[in-house]
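Per-entry structural report
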Amino acid sequence: MSGGENGHLVLDNVAIDFNGFRAVDGLNLNVARGELRCLIGPNGAGKTTALDMICGKAKPTSGVISFEGAVLNNMEEHAIARCGIGRKFQVPSVFRELTVQENLDVAYCRHTSILGNLVRFGSGADLDSLEKLAELVGLEDYLEMPAGYLSHGQTQWLEFALLLAQDPELILMDEPTAGMTAQETKKTADLFLRLKGRHTLIVVEHDMGFVKEIGEKISVMHQGKLLAEGSVEEIERDREVRAAYLGSGGISGA
Amino acid sequence: MDVVLSQLMTGLSLASILLLVALGLAIIYGATGVINLAHGEFVMLGAYSAWALQTFLGLGLIESLVAIFAIVAAFGWVIERIVIRHLYHRPLDTILATWGIGIIAQQAIRLTVGGELRYVEMPKALSSSVSVLGVETSAFRIFILFVAAALFILTWYLMFRTSLGIKLRAVMQNREVASCFGINSDRVYSMTFAYGAGLAGLAGALVSPLKSVSPEMGTTYVVDAFMVVVLGGVESLIGTVASSVIIGEMTGFLAFFSNDTIAKAVVLLAVVVLIRFRPQGLFATKLRS
Amino acid sequence: MTNRTLRQVVVYAAVCLAILLVPTFVDDPFILNKYSRYLALGILAIALSLSWGYTGILNLGQATSFGLGSYCMAMMLKLRTVPVHTGSEGLPDFMVWNNVETLPWFWFPFHSLTAGLFLGIAIPVVFSMLLGWFIFRGRVTGVYVAIITLAVLVVVNLLIIDQQRYTGGFNGITDLAQLEIFGLTFDAYGSSSYYLIAGALTVCLFLALAITKSKVGLILQAIRDHEARVRYFGYDVAYFKIFALSVSAGIAGVGGMLYTIVMEFASPTFLGVSLSLGVVIWVAVGGRQSLLGAALGAIVVTGMQGALSESETFLDTWSLIMGFAFVLVVLFMPKGLAGAVEALYARVFGKGEKAKSIARKAEGGLAKPASEPGGAE
């Protein structure tokens, strides 16, 4: 297991109980800095719930989640975010009434206090750098458009841009390629490969072709627990994983 | 002992009136999620209907009850079709819109009928005093108690024993899925809204002989009814009854010991604290998340 | 500064200038007094626009801060009146009539002018901070916030009415001295009061505008749009909301203090449900997301009510019309008249896609149901 004394992101026997239903049941996960980890598994395996617990949307009922030594269990969402954790949600969550530019301004969150932001106008960031981000995701012509008028695909890209503007150390992605064309999926894969190293990424995905393209280490979840962990080849060969999820075809193309 | 019983009766009397008003509000809120600030005006319109039927058609209160229900229910149905159905996904805006409708209703009454106090005669048959467990109570108040109970049972029956009720409960749980099963949610909503309005109208009619009828009379009722709904939660009808009784008794009790003003203030503060710490009300079943 | 901001500043300045120039054309002290009242209510509207229009907090109890401010001013001015009204030993007359022996502790600070002025802002602000802490730390949102703020307003109202020995009860605090600062006397019917209020309106307007244009203003709007998502960027939403509520309270408090000067009394109606719900209507119709729109909404509507107050029928008809206008605005024009004006301007004078975007933004209507990001609804 890599990582320093305290590890980078460590989930230690984490479980969560919803009125008797254990969505996550004794999950152990250890992600090293700069790693690109894919989290796969059948529906209901607890993948999204695991991400929820890391970013603070849900609170684990037992176990410890720590990031660079800081215990995240009882921290509020904004405190967790300030530790350097950002998330892209399954359902597009942008600020629909604000323009694309304004969305990016909000996402540029180097300073999160009230006093600090009272004396800042606009984004407080380099106008250039945010425009470059917009260019990266193909939205440079839509800066004044209220985000609610963007197409579904454009909204997804805006979400990526927001995450990049936030620039967190740990990025949690929940089904980033949902609804994307093959071309867009390729673009996303390139983006992820560029991000890893400087950022740590955890990607929940169903698109196996995409996983194969970007994945180094894969964690497979099933019924709230970790079923298997390893490289793409190892996972493909694993009998239990095939039985629970992949089927006899293995990880074939998209 | 006498004092306690007398207190209980007063509280119960307050509670039954409150229940009548709150029942309609709870059903509307529970079914459609609409916070109907015009509910007080439904009460007011019921009272004015009673007065109008009495003044222009010479009908007594008891005979007019069914007609009054129909009149106010029709009004509620119209409101739902014209205004409310645009706002189902905007809860804050329904508060504002319904309150605007309330203002329109009040002003319309003022401009047509006039703002002076009007009076509705108490039915002769019920105007005597009756002795209950040694306490003197007005027969009419007992009548209200019975009507409230009967309406509650009727509502319960409609909700849980008829096909309309099943459709309503399905729509309450999940509107889209209910539509997939062929349930016309639009119709269910408008009929529910009309029913809730009709109940409020009956409440207004029944209360009219006790107090005078004026355009503003509805406002106090809507605030009180709200407290009942917030306290009782919208998951259960029983909750509505229980909280009507609680709030009715508490108000009477506190008014007895200090004064009306402080009583109201304490009840309001209690509700504020409740909203903060248990927004689903006292009687709601545990939801999944 | 963007073009749009520049345009806004120019329009705001022009309107304020026009307001400040009114006394040069209008001489009648009674009319000036009426106008002053409308302006004070305009300040109240600015407060609500900040908390509701920008931050999405439907504060049905905005009048609480307004009323608290007005009572502070009244208490201070009451203690300065001629002994005839303060009875023996410097006690306000209503206390003497109620057989109160000594001045209650909370009246003492109001002997001092500076303290009185300070408290007129500080008390509403601290009250709102505590209320905000209670509400927002508890993650209460939407409808429940509205209910709580209204309930709190009613409680404060009831308490003030109940404690009539110390607060003047139903009748409020009347027979006040005139405010004197730096040798200037502010006569309720003079142009001095008018200028004072118009000046305060200008200051509040630009202060609020500056806040909305800062990054804080942007974050508040993001909170209004999608509160939960804002947290995941690292912003403490509760603090920002408390901030918005408190600043609104301060502005409303200023409005309340000025209102007392111009009405020459303070009464529980300044903390009343009618006023508090009324300002919501004025702001909705004028345009909740425009500070100037909100202020003008208040000024014009109360102005019309004032003009029509001669005839009861006219007044009732006006209220009926307002009721309709309100419902229409809520249904079809969420950004009120100001939003409609801005959309029109963009369509007529703007060019191309950018203008269309601006027009769409100005019209609003993108509000979606509040839900947690991730779609677990």
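Provided above is the structure to which this section pertains.
Now for a look at the structure at hand. Note that the coordinates shown come from a computational prediction; the quantities given were computed from them, not determined experimentally. (Residues numbered from 1 in each chain as written. Chains lettered and ligands numbered in written order. Predicted model: local features only at pLDDT ≥ 70, side-chain atom pairs only at ≥ 80, totals over all residues. Heavy atoms only, no water.)

Across the contact, 42 residues belong to chain A and 40 residues belong to chain C. A combined buried area of about 3,900 Å² lies between chain A and chain C, and 62% of that area is made up of carbon and sulfur atoms. R139(C) serves as the salt-bridge partner of E77(A), at 2.9 Å between the closest nitrogen and oxygen. Where chain A packs against chain C, one counts 14 residue pairs in polar contact (both at pLDDT 80 or more). (Contact = heavy atoms within 4.5 Å. Buried area = accessible area lost by both parts, 1.4 Å probe. Salt bridge = Lys/Arg side-chain N within 4 Å of Asp/Glu carboxyl O. Polar contact = N/O pair within 3.5 Å; in protein donor to acceptor, adjacent residues only side chain to side chain.)

In this section: a negative patch on the surface. Residues and elements named next belong to chain A. Where like charges cluster on the molecular surface, the negative patch consists of D128, E131, E135, E140 and D141. Mapped onto the elements, E140 comes out in the loop between α5 (127–136) and α6 (152–166). For E140, a relative accessible area of 36% puts it in the partly exposed group. (Patch = residues over 30% accessible without salt bridge, like charges linked within 9 Å, V, L, I, M, F, W, Y side chains within 5 Å. Areas by Shrake-Rupley, 256 points an atom, 1.4 Å probe, with all protein chains shown as cover. Lys, Arg positive; Asp, Glu negative; His and termini not counted. Charge placed at Lys NZ, Arg CZ, Asp CG, Glu CD. Helix = DSSP H or I, 4+ residues; strand = E, 2+ residues; numbered from the N terminus. Buried < 20%, exposed > 50% of the residue type's maximum accessible area, 1.4 Å probe, protein only.)

To continue, consider the pairing of strand β1 (residues 9–18) of chain A. Residues and elements named next belong to chain A. Relative to strand β4 (residues 62–67), β1 runs antiparallel, the two being bridged by 5 bridges. What sits directly across from V10, in β4, is S66. Summarising the sheet, β1 and strand β2 (residues 21–31) pair through 7 bridges and their orientation is antiparallel. In the strand pairing of β2, L9 is matched with V31. (Pairing = 2+ DSSP bridges.)

All told, the structure shown has 25 aromatic pairs over all chains when counted by the stated rule. Aromatic pair F66(C) and Y259(C): ring centres 5.2 Å apart, planes at 50 degrees, arrangement tilted. Here Y259(C) lies in helix α11 (residues 237–263) and F66(C) lies in helix α3 (residues 62–78), a separation of 193 residues in the sequence. Taking the relative accessible area as the measure of exposure, F66(C) reaches 0% and is therefore buried. What makes Y259(C) buried here is its relative accessible area of 10%. Ring centres 5.6 Å apart and planes at 35 degrees place the aromatic pair F265(C) and F270(C) in the tilted group. One cation-aromatic arrangement involves K88(A) over F160(A); the distance from NZ or CZ to the ring centre is 5.6 Å. Residue placement shows R137(C) over the ring face of W133(C); its charged tip is 5.1 Å from the ring centre. (Phe/Tyr/Trp six-rings, centres within 6.5 Å; stacked < 30°, edge-to-face > 60°. Lys NZ or Arg CZ within 6 Å of the ring centre and 35° of its normal.)

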